Amino acid sequence: MNELDDQKLDELLRCEFAGAVADDGFSARVMRILPPRQRSQPWLLPIAALAGGLLTWLALLPSPLLQQASREWLAGDLGTTSAVVCAILLGVGLLGCGWALEEAE
Amino acid sequence: MDDRDAQARIDAALVERAVRDGDARVFEILLRRHQGLVRAQLRRLLGNDPAMADDLAQETFVLAWRKLEQFRGDSRFGTWLHRIAHSCFLQYLRSKAGQTQQSAELDLAEIEMTGADNGSPALRLDLDAALRRLSHNQRAALLYSQLGLSHEEAALVLDMPLGSVKTHVARGKAKLRQLLQDWAPNNDRRDKR
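This text gives an overview of the structure that appears in the document. (Residues numbered from 1 in each chain as written. Chains lettered and ligands numbered in written order. Predicted model: local features only at pLDDT ≥ 70, side-chain atom pairs only at ≥ 80, totals over all residues.)

Moving on, we get to the overall build of chain A. When helices and strands are tallied, chain A shows five helices and zero strands. Put simply, chain A runs from its N terminus to its C terminus through helices and strands in the order α-α-α-α-α. Here chain A, with 105 residues, has 16% of them falling under the buried criterion. Within chain A, counting contacts between residues at least 6 apart in sequence, those at least 24 apart form 67% of the total. (Helix = DSSP H or I, 4+ residues; strand = E, 2+ residues; numbered from the N terminus. Buried ≥ 20, exposed ≤ 12 C-beta atoms within 10 Å, placed from the backbone. Contact = placed C-beta atoms within 7 Å.)

All right, on to unusual backbone geometry then. Of note, aspartate 24 of chain A is a non-glycine position whose phi angle comes to about 50°, a positive value. Looking at the secondary structure, you find aspartate 24 of chain A in the loop between helix H1 (6-16) and helix H2 (26-33). The backbone of aspartate 159 of chain B shows a phi angle near 55°, a positive value even though the residue is not glycine. With respect to the helices and strands, the residue aspartate 159 of chain B is situated in the loop between helix H7 (151-158) and helix H8 (162-179). Taking the C-beta count within 10 Å as the criterion, aspartate 159 of chain B has 10 such neighbours and is therefore assigned exposed.

Attention now moves to the environment of alanine 69 of chain A. Summarising the element assignment, alanine 69 of chain A is placed in helix H4 (residues 64-75). Residues contacting alanine 69 of chain A, with those up to four places away along its chain left out, are Thr81, Ser82 and Val85 of chain A.

Let us now look at H4 of chain A. In this model, H4 of chain A (12 residues) spans 16 Å end to end at C-alpha, consistent with the 16 Å of a helix rising 1.5 Å per residue. Positioned one or two residues after H4 of chain A, glycine 76 of chain A has a phi angle of 70°, which is positive. (Expected span 1.5 Å × (residues − 1).)

Moving on to H7 of chain B. Residue and element names in this part refer to chain B. Of all eight residues making up H7, six are buried, and the element is well covered by its neighbours. Within H7, burial applies to Glu153, Ala154, Ala155, Leu156, Val157 and Leu158. Looking at the buried residues of H7, the elements they touch are helix H4 (77-97), helix H6 (136-146) and H8. Immediately downstream of H7, the backbone of aspartate 159 shows phi near 55°, a positive value.

Residues and elements named next belong to chain B. Where H6 meets H7, the axes come as close as 9 Å, and the angle between the chain directions of the two elements is 130°. By the angle between their axes, H6 is oblique relative to H7. In this structure, H6 meets H7 at a crossing whose hand is right-handed. For the pair H6 and H7, contact is made by Ala140, Ala141, Tyr144 and Ser145 and by Ala154, Val157 and Leu158, respectively. (Axes fitted to C-alpha atoms, helices over the stretch in contact; angles between N-to-C directions. Parallel < 35°, antiparallel > 145°, perpendicular 65-115°, else oblique. Left-handed = near helix turned anticlockwise from the far one by under 90°.)

This is the structure in structure tokens:
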């Protein structure tokens, strides 16, 4: 059985491929719709975490929870209240980080 | 250092500048350098739908612009772009698959007949038909070989192991040879056409 040899087949396939396409205004069209580049903002992450923590602390200020945690902290006896306050602060801080990462995307 | 290496170094330097300065004009140079082959790749993958190919090419370059800092220079910039373009194409196929089941088996190699003179039109039609009978991966692997990508680069674009690419190219060619045997030299059947 006769078959096309490799060289002939490669030649055929190469010819089938029309090659690079002429620009014809394509690049200009793409440049017109290119969105503004968002520069990476490495400071955003710690700032977001800090702001989250600060806001939570301010929100907890009038509540007895924070006062109880402060008393525990001053007495050097960290208990459940301190753990809860820490967990809230950490949670809101993480939420802030998540938001910052989402913005970066 | 060959020409491809020199071009790759120029691309890498341009990417570095575009990322550092956020300068769209530098990206435009990259765009003009690569648009021709990316659009050709997508036209070839999509068949006779240059408008859709250009839409996907546009999407490819916008994505490349957004993700430019993710280009680490592990491969040539052109290869990286081909990979993004291939992903856009697959995504398009998936979205279209819901509408028409045959999309995945499409047209992948529905050839534009605007290419260079390739001998008999009948041979071109037969080659076209034969290419359609190859699997998706065989056609894509053959396409990227024709685009001048090495097997390693094709593996990157197709996101498959190097060995699989080589196998797809070899099996694709074997199948084409078999399907086009009527066109082999000294074949009596060819003379009857």
